[in-house]
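For reference, the chains in residue letters:
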Amino acid sequence: MAQANPNIGEERPVIRQLDDAAINRIAAGEVVERPASAVKELVENAIDAGATRIAIDIADGGKTLIRVTDDGCGIAAEDLPLALSRHATSKIDGSDLLNIHTFGFRGEALPSLGAVGRLTITSRVPGADAAQVHVAGGKMDAVKPAALRAGTVVELRDLFYATPARLKFMRTDRAEGQAITDIVKRLAMAEPSVTFALRDVSGGGEGRVTFRADRENGDLFDALHARLARVIGREFAENALQIDALRDGIRLYGYAALPTYSRGAAVAQYLFVNGRPVRDKMLTGALRAAYFDFLSRDRHPAAALFIDCDPTLVDVNVHPAKSEVRFRDPGVARGLIVSSLRHALAEAGHRASSTVANATLGAMRPEPAPSAPARVYQMDRPSPAARTAAYRAQAPGFAELANDYSGSIVEPTPVAQVAEVQEQPQAQDLPLGAARGQVHENYIIAQTADGMVIVDQHAAHERLVYEKLKTQMAENGVAAQALLIPEIVELSEGDCARLMAVADDLTRLGLTIEPFGGSAIAVRETPAILGEVDARAMILDILDELADQGESQMVQARIEAILSRVACHGSIRSGRRMRAEEMNALLREMEATPHSGQCNHGRPTYVELKLSDIERLFGRS
């Protein structure tokens, strides 16, 4: 039985024109979701005004007070009432909504905030007196004189007091404060030349500074690197690779962390388009795809990437909060991110994150003495000649230990032994140094010019074999096995069209599909390396990825998972004793192979400890 429509009464509905107050409250519901949204709008206005110093004060998570002070160009007294009118802006003339060079352009933020809170704007332009206007619940007072040296102060109190129902959806003060901090940090990353200061003044008084980033000097990359070190952390800056690439009028620059500096969640991924912080599914998918071969599914890359292009190539007017964008040619932007990051990761070679060594040193804590203070010793380091003599003297000792301990180097014939001893001082100057021994039949100890390296022989060799297998597959292609009876998969018309659009890409991976009349497709070949597969389930999984991410890596992921297992079984096993030349050969191959610093799951294959850190562990200086 048909039910009555709960949205329509018995009387015919009448179309009404809403008043301005209701319109502004509706607009505020779209633009101002929470206090952090209000902070974002006000700080973006300050940046658009050319401010070089922006101070943000909040109280009770921004619920009772948000105050943004800037030293920008200011607003003239006669323009203050207009600034609080809907769709009034100084940033565009309305003739071209695609050629946008500022954060704001709709003219909705200030009237929306004034409709749901108590808003006061005090501003001064050069050569004129300061003025102030107040609006509460959409009702504006007259403009009056005020005292202000320069710039603008926007004060918003009692957010959502005019719409009490919205207050029920607010989170705790702490959660709202953290959201505001995240917004300010993202904007600070986009503007290294601007000083940002965020204070929590809950309870009155001067409050406490929760975030501060002073203006950075230098060229683009120096300033950005310093700002990222301040916002994300120095560890990220130390383990990040510089990115700078250009394709078809789109420039990508920024920093992306090494795979061994990964996170347990996607909390350190910052993406910007023409300086605007965005949370875009296509861009985050491209970032994930670039690290696809280096991280397991439960690890996430860290990066701060900036895309600059002609404003006409991207539409920023597709989301109420302008947090999503739409590229005219999304394939170019996505391909640029994937290829640029993979190129940078390949150039990094065997480099691994320094946080691995820091964690190792943190675990190696010397046992404190009962009561006596720690004693610091002075140590004279031997000269290269003295070290060479020591190698010759110690070499026989290693040979004597060969039958009893795993911490040994099995020496070759005496003639080769002399040659190796003469080579060692030069080998230790190489990035991964010269092998000195093996412990627990699994870890190679190597000496470098300024420290030591511990290598997981199985994980390292597994990565080397895996890279060779991938290279062979890229050169020779993926072998396909023909199905004796093609499997027919019935799909909707939209799914069929979406799948056939990537048919050529799937064929290169050994999966051959063809139209089979109507909206059905026929699976004729599958990748031979996968063995027997459920073709229908594979097709549906590919469609799910295409719908969610716009592309599918499922087939490639399954193929590379097989290659990874083959590499695991074909690599040096734990528990095998290695000769000196084998260990040194492994070290040299690691230095020459891209991505050898992490295993197939993103874990490090070696740890490097600096001599100065080791000496500190033993109380030496």
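Not measured: the values here are computed from a predicted model.

**Q** I would appreciate a short explanation of the overall build of the chain in the present structure.
**A** Within the chain, the regular secondary structure consists of 20 helices and 23 strands. The buried share of the chain, reckoned over its 621 residues, is 47%. Excluding contacts between residues fewer than 6 apart, the proportion of contacts in the chain whose partners are at least 24 apart in sequence is 70%.

**Q** What should I look at first to understand the packing of aromatic side chains in this one?
**A** Aromatic rings in a pair are described by how distant their centres are and how their planes are angled relative to each other. One pass over the structure, following the stated rule, counts 5 aromatic pairs. Where Phe221 meets Tyr253, the ring centres are 6.2 Å apart and the plane angle is 80 degrees; that geometry is what we call edge-to-face. With Phe221 in helix 7 (residues 220–231) and Tyr253 in strand 11 (residues 250–257), this residue pair connects regions lying 32 residues apart in the sequence. This pair shows no difference in class: Phe221 is buried, exactly as Tyr253 is. Among the aromatic residues, ring-to-ring pairing joins Phe221, Tyr253, Tyr255, Phe272 and Phe306 into one connected group. Positioned above the aromatic ring of Tyr161, the side-chain terminus of Arg118 is 3.8 Å from the ring centre.

**Q** Is there a simple way to explain the packing of helix 2 (residues 35–48) against helix 6 (residues 173–190) in this structure?
**A** Packed helices, taken two at a time, are described by the angle between their axes plus the distance between the axes. Contact geometry of helix 2 with helix 6 gives a least axis separation of 8 Å together with a crossing angle of 25 degrees. With respect to each other, helix 2 and helix 6 are oriented roughly parallel. Handedness of the crossing formed by helix 2 with helix 6: right-handed. The segment helix 2 lies against helix 6, with Pro35, Ala36, Val39, Lys40, Val43 and Glu44 engaging Glu176, Ala179, Ile180, Ile183, Val184 and Leu187. Along the lines of polarity and charge, the residues of the contact of helix 2 with helix 6 split into 9 nonpolar, no polar and 3 charged.

**Q** Any chance you could explain the environment of Val338 here in plain terms?
**A** When you line up the elements, Val338 lands in helix 10 (residues 330–347). Taking the C-alpha atoms as reference points, Val338 and Gly285, separated by 53 residues in sequence, lie 9.5 Å from one another. Those residues within four positions of Val338 in sequence are excluded, and the remaining contacts are Ala286, Ala289 and Ala290.

**Q** Which parts of the structure should I look at to understand the environment of Cys73?
**A** With respect to the helices and strands, the residue Cys73 is situated in the loop between strand 2 (65–70) and helix 3 (80–83). Judged by relative accessible area, which is 46%, Cys73 ranks as partly exposed. Beyond its immediate chain neighbours, meaning those up to four positions away, Cys73 contacts Ala49, Arg124, Val125 and Pro126.

**Q** I'm lost on the pairing of strand 22 (residues 520–527) in this one. Help?
**A** In regular strands, side chains alternate between the two faces of the sheet. The element strand 22 is largely enclosed, with a buried count of 6 among its 8 residues. Two strands pair when backbone bridges link them, and strand 20 (residues 480–490) and strand 22 are joined in this way by 7 bridges, in the antiparallel orientation. Its bridge partner being in strand 22, Ala482 is matched across the sheet by Glu525. Across 4 bridges, strand 21 (residues 512–515) lies against strand 22 in antiparallel orientation. Bridging from a neighbouring strand, Glu514 pairs with Ala522 of strand 22.

**Q** Looking at this model, I keep getting lost on the side chain of Thr122. Mind explaining?
**A** Inspection of the secondary structure puts Thr122 in strand 3 (residues 118–124). Here Gln132 takes part through its side chain, which lies 2.8 Å from a polar atom of the side chain of Thr122. For Thr122, the contacting residues outside a window of four places in its chain are Ala131, Gln132, Ala146, Leu148, Gly151, Thr152 and Val153.

**Q** Honestly, the sheet that holds strand 20 in this entry has me stumped. Any pointers?
**A** Reading across the sheet, the 3 strands line up as 20-22-21 and stay open at both edges, with antiparallel pairing between neighbours. On the outer flanks of this sheet lie strand 20 and strand 21, each paired with one strand and no other. Across the sheet, the mean angle separating the axes of adjacent strands is 20 degrees when strand polarity is ignored.

**Q** Can you help me understand unusual backbone geometry in this one?
**A** Excluding glycine, a negative phi dihedral is what most residues carry, and trans is how most peptide bonds are arranged. Residue Asp60 is not a glycine yet carries a positive backbone phi of 55 degrees. Within the secondary structure layout, Asp60 lies in the loop between strand 1 (53–59) and strand 2. A positive phi angle is found at Asn274, which is not glycine, with a value near 50 degrees. Tracing the backbone shows Asn274 in the loop between strand 12 (269–273) and strand 13 (276–278).

**Q** What is the right way to read the packing of helix 6 against helix 7 from this model?
**A** Where helix 6 contacts helix 7, the axes come no closer than 9 Å and their chain directions differ by 165 degrees. Classified by the interaxial angle, the pair formed by helix 6 and helix 7 is roughly antiparallel. Two packed elements cross with a definite hand, and for helix 6 against helix 7 that hand is right-handed. Contacts from Lys185, Ala188 and Met189 of helix 6 reach helix 7 at Leu224, Arg227, Leu228 and Val231. The residue inventory of the contact of helix 6 with helix 7, partitioned by class, reads 5 nonpolar, no polar and 2 charged.

**Q** Please clarify how helix 4 (residues 109–116) should be interpreted in this entry.
**A** An α-helical turn contains 3.6 residues, so any two residues separated by three or four positions project in the same direction. Judged by how many residues are buried, helix 4 sits mostly within the fold: 8 of 8 residues are covered. Taken as a whole, helix 4 has its buried residues at Ala109, Leu110, Pro111, Ser112, Leu113, Gly114, Ala115 and Val116.

**Q** Would you take a moment to explain the sheet that holds strand 17 (residues 434–439) for this structure?
**A** The strands making up a sheet are joined through hydrogen bonds of the backbone, oriented either antiparallel or parallel. Spatial ordering of the open sheet is given by 17-18-19-23, a layout of 4 strands whose pairing is antiparallel. With one partner strand each, in any of the chains shown, strand 17 and strand 23 (606–610) form the two edges of the open sheet. Averaged over neighbouring strand pairs, the angle between their axes works out to 20 degrees when direction is ignored. Bridge analysis of strand 19 (residues 451–456) against strand 23 gives 5 bridges, and the strand direction is antiparallel. Residue pairing for strand 23: Gly451 is matched across the bridge by Lys610.

**Q** For this particular structure, what's the right way to read the nonpolar core?
**A** The tendency in soluble globular proteins is for nonpolar side chains to be buried as a group. With 60 residues, the main nonpolar core has Val43, Ile54, Ile56, Leu119, Phe196 and Phe236 as its most contacted residues. The biggest single contributor to this core is helix 6, with 8 residues. Core analysis: the next-biggest nonpolar cluster, separate from the first, contains 36 residues, Leu241, Val273, Ala289 and Leu345 among them.

**Q** Teacher, can you tell me more about the pattern of salt bridges here?
**A** Pairs can form between side chains of opposite charge whenever their charged atoms are close. Inspection of every chain in the model, using the stated rule, returns 27 salt bridges. Between Lys63 and Asp173 there is a salt bridge; the shortest N-O distance is 2.9 Å. Pair noted here: Lys63 is in the loop between strand 1 and strand 2 and Asp173 is in helix 6, with a separation of 110 residues, a long-range link. Asp173 sits in the partly exposed class, given a relative accessible area of 36%. Ionic pairing is found between Arg579 and Glu582, a salt bridge with its closest N-O pair at 3.8 Å. Judged by its relative accessible area of 39%, Arg579 falls in the partly exposed class. Among the charged side chains, a network of salt bridges with common partners joins Asp57, Arg67, Glu155, Arg157, Arg199 and Glu206.

Rules used throughout
Residues numbered from 1 in each chain as written. Predicted model: local features only at pLDDT ≥ 70, side-chain atom pairs only at ≥ 80, totals over all residues. Heavy atoms only, no water. Helix = DSSP H or I, 4+ residues; strand = E, 2+ residues; numbered from the N terminus. Buried < 20%, exposed > 50% of the residue type's maximum accessible area, 1.4 Å probe, protein only. Contact = heavy atoms within 4.5 Å. Phe/Tyr/Trp six-rings, centres within 6.5 Å; stacked < 30°, edge-to-face > 60°. Lys NZ or Arg CZ within 6 Å of the ring centre and 35° of its normal. Axes fitted to C-alpha atoms, helices over the stretch in contact; angles between N-to-C directions. Parallel < 35°, antiparallel > 145°, perpendicular 65-115°, else oblique. Left-handed = near helix turned anticlockwise from the far one by under 90°. Nonpolar A, V, L, I, M, F, W, Y, C, P; charged D, E, K, R; others polar. Pairing = 2+ DSSP bridges. Polar contact = N/O pair within 3.5 Å; in protein donor to acceptor, adjacent residues only side chain to side chain. Core = buried A, V, L, I, M, F, W, Y, C linked by side-chain atoms within 4.5 Å. Salt bridge = Lys/Arg side-chain N within 4 Å of Asp/Glu carboxyl O.

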